[in-house]
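Report on the structure
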Amino acid sequence: ADTGNKDPSLFVVATHKKKMFIMKDLAITKTVDTKSTATCLKLSKDDSLIIIGTGRDGDNSVLIFDTNNPEKPLIELKNQQFIRNEIIDIAITDDNAFLATADKDRAIWIWDLKNKKFDEPLNKTKGMKYHNGQISTITFGGKDNKQLLSCANDSKMYLWLNPTQGGNENICMKQAFIGLVRKAIFISETKIAAIGGDSTIRTFNISPK
């Protein structure tokens, strides 16, 4: 489920019964059948796109819907060569140009959404499979809103410095917590906040490169 960024009255939720509900002021305005069970859901920064990750049914795809006309997906990203397992989380840049996927195989892939190039990810050569445990969340932000932040149940967070350029240069925050890191977000270009499995919240200053 996700809440609107531009429109705070917008709320979208996808269920295990392959249904997606679009709400305004908590009233359901549209009900959409999705061909696969959603494992994660995000709204774009401008609320124009609804992005759903799947995989529980073995589909391992990303479905992208127009928020205003969501009857069928605008785009279906399915690449079995790279996305080989259930999608755990997805992220999209503020300009809707790039999409990131994180799956159960601990692989993070960056996709050229603007040009709809889904035959291979931008980071196919170097890859970003660094976490030693299942990834919890990924999110874009930081410098020019093109850096990526990932966290997992391996006590680590990674700040990926140039993922939309296909690079895997990173700042690794080892033992940010003991065990699970539930979620990490950007507060600003140089500061992030995260919550651990013990429900503690910590902030981290990062040095731009």
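In this text the structure is predicted, and so the values were computed from the model without any measurement.

Quick notes on the sheet that holds strand 11 (residues 108–112)
Across the sheet, three strands lie side by side as 9-10-11; this open sheet has antiparallel pairing. For this open sheet the edge positions go to strand 9 (87–92) and strand 11, each flanked by a neighbour on one side alone. Going across the sheet, the axis of each strand differs from the next one's by a mean of 20°, ignoring polarity. Note: strand 9 against strand 10 (residues 98–103), five bridges, orientation antiparallel. Opposite Asp 89, over in strand 10, you have Ala 102 as the bridge partner.

A few points about the nonpolar core
Counting residues in each nonpolar core, the largest one holds 18 residues, and the members touching the most others are Ile 51, Val 62, Ile 64, Leu 77, Leu 99, Trp 111 and Leu 113. Where this core is concerned, the elements lending two or more residues are strand 6 (49–54), strand 7 (62–66), strand 8 (75–77), strand 9 and strand 11. Sort the elements by how many residues they give to this core and strand 9 lands first, with three residues. Ignoring any residue separated from it by four or fewer positions in sequence, one finds Ile 51 in contact with Cys 40, Leu 41, Lys 42, Leu 43, Ser 44, Val 62, Leu 63, Ile 64, Ile 90, Ile 92 and Leu 99. Formed by 16 residues, the second largest nonpolar core is a distinct cluster that contains Met 157, Met 173, Ala 184 and Ala 194.

Some remarks on the packing of aromatic side chains
Applying the stated rule across the entire model yields five aromatic pairs. With centroids separated by 5.0 Å and ring planes inclined at 75°, the aromatic side chains of Phe 82 and Trp 109 adopt a geometry described as edge-to-face. You can see Phe 82 sitting in the loop between strand 8 and strand 9 and its partner Trp 109 sitting in strand 11, a full 27 residues away along the chain. Each member of the pair, Phe 82 together with Trp 109, is buried. Note on Phe 177 and Phe 204: the rings are 6.4 Å apart at their centroids and 65° apart in plane angle, and the pair reads as edge-to-face. One end of the pair, Phe 177, is in the loop between strand 15 (170–173) and strand 16 (181–188); the other, Phe 204, is in strand 18 (residues 201–205), with 27 residues separating them in the sequence. Residue classification places Phe 177 among the buried residues on the basis of a relative accessible area of 2%. Aromatic ring contacts, followed pair by pair, group Tyr 130, Tyr 158 and Trp 160 into a single cluster.

Rules used throughout
- Residues numbered from 1 in each chain as written.
- Predicted model: local features only at pLDDT ≥ 70, side-chain atom pairs only at ≥ 80, totals over all residues.
- Heavy atoms only, no water.
- Pairing = 2+ DSSP bridges.
- Helix = DSSP H or I, 4+ residues; strand = E, 2+ residues; numbered from the N terminus.
- Axes fitted to C-alpha atoms, helices over the stretch in contact; angles between N-to-C directions.
- Core = buried A, V, L, I, M, F, W, Y, C linked by side-chain atoms within 4.5 Å.
- Buried < 20%, exposed > 50% of the residue type's maximum accessible area, 1.4 Å probe, protein only.
- Contact = heavy atoms within 4.5 Å.
- Phe/Tyr/Trp six-rings, centres within 6.5 Å; stacked < 30°, edge-to-face > 60°.

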